Amino acid sequence: MSRVSPETWYALGFFFLLILGPFTIGWGIMKAYRCYFPKTPPTEDESSVSVVSQLSAQRDGFFKLYLLGLVICSPGFYYIYTEYLAHI
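None of these values were measured; they are calculated from a predicted model. (Residues numbered from 1 in each chain as written. Predicted model: local features only at pLDDT ≥ 70, side-chain atom pairs only at ≥ 80, totals over all residues. Heavy atoms only, no water.)

## What to know about the packing of aromatic side chains
Counting across every chain of the model gives six aromatic pairs. Seen from their ring centres, Tyr33 and Phe37 are 5.2 Å apart, and the 40° between their planes marks the pair as tilted. For Tyr33, a relative accessible area of 40% puts it in the partly exposed group. Note on Phe37: relative accessible area 52%, which makes it exposed. Where Phe62 meets Phe63, the ring centres are 5.1 Å apart and the plane angle is 80°; that geometry is what we call edge-to-face. According to the relative accessible area criterion, Phe62 is partly exposed, its value standing at 42%. Members of the aromatic cluster, each reached through a chain of ring pairs, are Phe23, Phe62, Phe63 and Tyr66. (Phe/Tyr/Trp six-rings, centres within 6.5 Å; stacked < 30°, edge-to-face > 60°. Buried < 20%, exposed > 50% of the residue type's maximum accessible area, 1.4 Å probe, protein only.)

So this is what it looks like as structure tokens:
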């Protein structure tokens, strides 16, 4: 491990941030958004709809949260890449 350059660790951290950063930011933004604008309940009769379909209809998916966070984080990621990781 001592033979690994610091730039390699920076790149590894950057790639982990590319996945975890946008997801957590998108999750936080959607949590705040849902506090002010909650989803409306389904209009179907609840006795004929399964529990799994009700739960999945009330949640935001992983990719929706990830893409929302990626749109917000992409300028920062571009700046970090051009300033610190472009020479790797």
